[in-house]
Number of protein chains: 2
Amino acid sequence: MSQTRVEQKERTRRAILDAALTLSEDSALVALSLRQVAKQVGIVPTAFYRHFPSIEDLGLALVEESLDTLRALLRELRRAAGEDAATMIDGSVTVLVEQVRQDHAHYGFIARERFAGPAAVRDAIARGIELAERELATDLAHLPGTTAWTERDLEVLSALIVGAMVITAERLLGTSPGSPAEQRVADDARTQIRMLLVGARNWRSRTP
Amino acid sequence: MSQTRVEQKERTRRAILDAALTLSEDSALVALSLRQVAKQVGIVPTAFYRHFPSIEDLGLALVEESLDTLRALLRELRRAAGEDAATMIDGSVTVLVEQVRQDHAHYGFIARERFAGPAAVRDAIARGIELAERELATDLAHLPGTTAWTERDLEVLSALIVGAMVITAERLLGTSPGSPAEQRVADDARTQIRMLLVGARNWRSRTP
DNA sequence: CGTGACAGTGCACACATGTTCACCCACGTA
DNA sequence: TACGTGGGTGAACATGTGTGCACTGTCACG
């Protein structure tokens, strides 16, 4: 039990992160005061500094955490992927829906801070999305039927798909988990991806 | 010259709106203080109340204004539209780029407040986007080649296209007007829309 | 057993904020 | 020319904010 001390610190840190997530649920990070968070956690304001230098760093930590979750989602996506593009991307919608459902607060936080947050936070989110696009592009390149594609066209298609995913996630955030509305958004997303795939299959890159 | 009094009031109102737009450029509306705005405009804090009941109402007015601009964009889009879907949507990307370029601050504001803003503001933006989707859907229904389409599929396609437009606008906000980056985003958007159209042309709705 | 590290406390300060109120004084009207 | 409407003023308030400082108690290690 020589871990008790550091365990306790980690527990408070988690409590701070969770409190920030809860409190910023219907507002923005920038409107979050250090004192509110401290009160919610049950510590005195100054104790906050034992864990984070400022609210902005709190936000950054929160984003890193969210992006790890997102990264996990994408790994899960790739693990469940087969050779068939249709079932691969189709199934990934299911994964997305599940992830957003169970980490509602995290994804809500990302959506909110994507443009309204501090510069560091915005950059971190943008990098995460770009990374997803690049990874998808390389995955698409390995699929049959894309051999004649320009590299640029592959990137553009990836951006289109990831963009549709982002918008789907944002739509999901407006629905309550398990509701018919959620189901409808998911179905629509699947239809959209299928439309995209039909377009991709019939696409011929112009020779650059 | 019997208009001077009301003219002056309108001028101050504009100054307040512009100041709010400028000040919230790298932050969020919720982080905007009435006193900051007043100082920027050059009036005393209490004079603010002569024009708006609260900062939230200021934000709402700002969104209405932005949505009017957006509405104008869409009207322009439809005016320039021919029978050919390709040139219609292709050209609309050009219009979008121009609009975002010249009203950078307004669209930045919309992007920021879309999820981070007060509930009333968020709703107003969401309604604007939904309206755009519905209008596009009815326009698409009038185009040749979509006669066999389900109404639902038309809506889903519209949402996909408008979504791509939203994401394109967001990307444009990250580029400086007239830069090569802006050009690249615009080109990519056009490629994306073309891919979407290829998909749409080869799409057959399942009979419901 | 003793001791140092350190998460958490309590107080203090200097500001910034929203909102109120009574007060101007210039403009448009009568 | 006289008057009242109304945009703008300035002081005042209660409250909330970030942050510095000296402190305390307890856990883990030499």
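Residues numbered from 1 in each chain as written. Chains lettered and ligands numbered in written order. Predicted model: local features only at pLDDT ≥ 70, side-chain atom pairs only at ≥ 80, totals over all residues. Heavy atoms only, no water.

Trainee: For the protein's contact with DNA strand C, give the residues involved together with the corresponding values.
Mentor: Around DNA strand C, the structure places 19 residues, and the nearest of them are Val 44, Arg 50 and His 51 of chain A together with Arg 35 and Thr 46 of chain B. At 3.3 Å, a side-chain N or O of Lys 9 of chain A approaches a phosphate oxygen of DNA strand C. At 2.8 Å from a phosphate oxygen of DNA strand C is found a side-chain nitrogen or oxygen belonging to Thr 12 of chain A. Listing elements by their share of the surface near DNA strand C, those giving two or more residues are helix H1 (4-23) of chain A together with helix H1 (4-23) and helix H2 (34-41) of chain B. Each residue belonging to the surface near DNA strand C can be placed in one class, and the counts come to 6 nonpolar, 7 polar and 6 charged. (Near = heavy atom within 4 Å. Polar contact = N/O pair within 3.5 Å; in protein donor to acceptor, adjacent residues only side chain to side chain. Helix = DSSP H or I, 4+ residues; strand = E, 2+ residues; numbered from the N terminus. Nonpolar A, V, L, I, M, F, W, Y, C, P; charged D, E, K, R; others polar.)

Trainee: Outline the relation of the copies chain B and chain A, listing residues and values.
Mentor: Least-squares fitting of chain B to chain A yields an RMSD of 0.1 Å, with the superposition described by an axial translation of 0.0 Å and a rotation of 180 degrees. What the superposition gives is, in effect, a two-fold axis relating one chain to the other. Considering only C-alpha atoms, the part of chain B nearest the rotation axis is Gly 199 of chain B, at 1.6 Å. Both copies present the same face, since 100% of the interface residues in chain B are matched by interface residues at the equivalent positions in chain A. (Least-squares fit on C-alpha atoms with pLDDT ≥ 70 in both. Contact = heavy atoms within 4.5 Å.)

Trainee: So, the side chain of Arg 114 of chain A: which residues are in play, and what are the values?
Mentor: Mapped onto the fold, Arg 114 of chain A is located in helix H5 (residues 104-116). A relative accessible area of 13% places Arg 114 of chain A in the buried class. There is a polar contact of 3.3 Å between the side chain of Arg 114 of chain A and the side chain of Glu 170 of chain A. Leaving out residues up to four positions away in the same chain, Arg 114 of chain A has contacts with Arg 122, Ile 125, Ile 129, Val 166 and Glu 170 of chain A together with Glu 170 of chain B. (Buried < 20%, exposed > 50% of the residue type's maximum accessible area, 1.4 Å probe, protein only.)

Trainee: I'd like to hear about the nonpolar core, residue by residue, with values.
Mentor: Grouped together as the largest cluster of nonpolar side chains are 129 residues, with contacts concentrated most on Leu 58, Ile 161 and Ile 193 of chain A together with Leu 58, Ile 161 and Ile 193 of chain B. If sequence neighbours within four positions are ignored, Ile 193 of chain B has contacts with Ile 89, Val 93, Ile 161 and Met 165 of chain B. (Core = buried A, V, L, I, M, F, W, Y, C linked by side-chain atoms within 4.5 Å.)

Trainee: Help me get a handle on the interface of chain B and chain A, residues and values and all.
Mentor: The partner chain A presents 37 residues to the 37 residues of chain B that form the contact. Roughly 3200 Å² is buried in total at the junction of chain B and chain A, and carbon and sulfur atoms are behind 68% of that figure. The three residues of chain B that bury the most area against chain A are Phe 115, Met 195 and Trp 203 of chain B, which together make up 20% of that side's buried surface. Seen at the junction of chain B and chain A, the total is 8 salt bridges. Asp 188 of chain A is the salt-bridge partner of Arg 152 of chain B, the closest N and O atoms lying 2.8 Å from each other. The tally of links from chain B across to chain A stands at 10 residue pairs in polar contact (both at pLDDT 80 or more). Those elements that place two or more of their residues in the side of chain B that touches chain A are helix H5 (104-116), helix H7 (151-173) and helix H8 (180-201) of chain B. A per-element tally of the side of chain B that touches chain A places H7 of chain B first, with 13 residues. (Buried area = accessible area lost by both parts, 1.4 Å probe. Salt bridge = Lys/Arg side-chain N within 4 Å of Asp/Glu carboxyl O.)

Trainee: Tell me about H1 of chain B, and name the residues and values.
Mentor: Helix length check: H1 of chain B (20 residues) gives 28 Å between terminal C-alpha atoms against 28 Å at 1.5 Å per residue, within 8%. The elements touched by buried residues of H1 of chain B are H2, helix H3 (55-79) and H5 of chain B. (Expected span 1.5 Å × (residues − 1).)

Trainee: Hey, could you go over the protein's contact with DNA strand D for me, with residue numbers and the actual values?
Mentor: Within the structure, DNA strand D sits among 19 residues, and Arg 5, Arg 35, Thr 46 and Tyr 49 of chain A together with Arg 50 of chain B are positioned closest to it. Near the protein, within 4 Å, the atoms of DNA strand D are sugar or phosphate in 44% of cases. Contact between DNA strand D and Arg 35 of chain A: a base nitrogen at 2.3 Å from a side-chain N or O atom of the residue. Here a base oxygen of DNA strand D and a side-chain polar atom of Arg 50 of chain B are 2.3 Å apart. Breaking the surface near DNA strand D down by element, the ones donating at least two residues are H1 and helix H2 (34-41) of chain A together with H1 of chain B.

Trainee: Tell me about the pattern of salt bridges, and please be specific about residues and values.
Mentor: Once their charged atoms are close, side chains differing in charge can pair, the charge on each being opposite to the other. Here the structure, examined in full by the defined rule, presents 22 salt bridges over all chains. Asp 188 of chain A is the salt-bridge partner of Arg 184 of chain A, the closest N and O atoms lying 3.8 Å from each other. One end of the pair, Arg 184 of chain A, and the other, Asp 188 of chain A, are both in helix H8 (residues 180-201), 4 residues apart, so they sit about a helical turn from each other. Residue classification places Arg 184 of chain A among the partly exposed residues on the basis of a relative accessible area of 40%. Looking at Asp 188 of chain A, the relative accessible area reads 17%, which means it is buried. One network of salt bridges, in which partners are shared, links Arg 114 and Glu 170 of chain A together with Arg 114 and Glu 170 of chain B.

Trainee: Could you give an account of H3 of chain B, with specific residues and numbers?
Mentor: All names here are of chain B. Between its first and last C-alpha atoms H3 spans 36 Å; for 25 residues at 1.5 Å apiece the expected length is 36 Å, and the two agree. Looking only at H3, the buried set comprises Ile 55, Leu 58, Gly 59, Ala 61, Leu 62, Val 63, Ser 66, Leu 67, Thr 69, Leu 73, Leu 74 and Leu 77. In this structure, the buried side of H3 is in contact with H1, H2, helix H4 (85-102), H5 and helix H6 (119-141).

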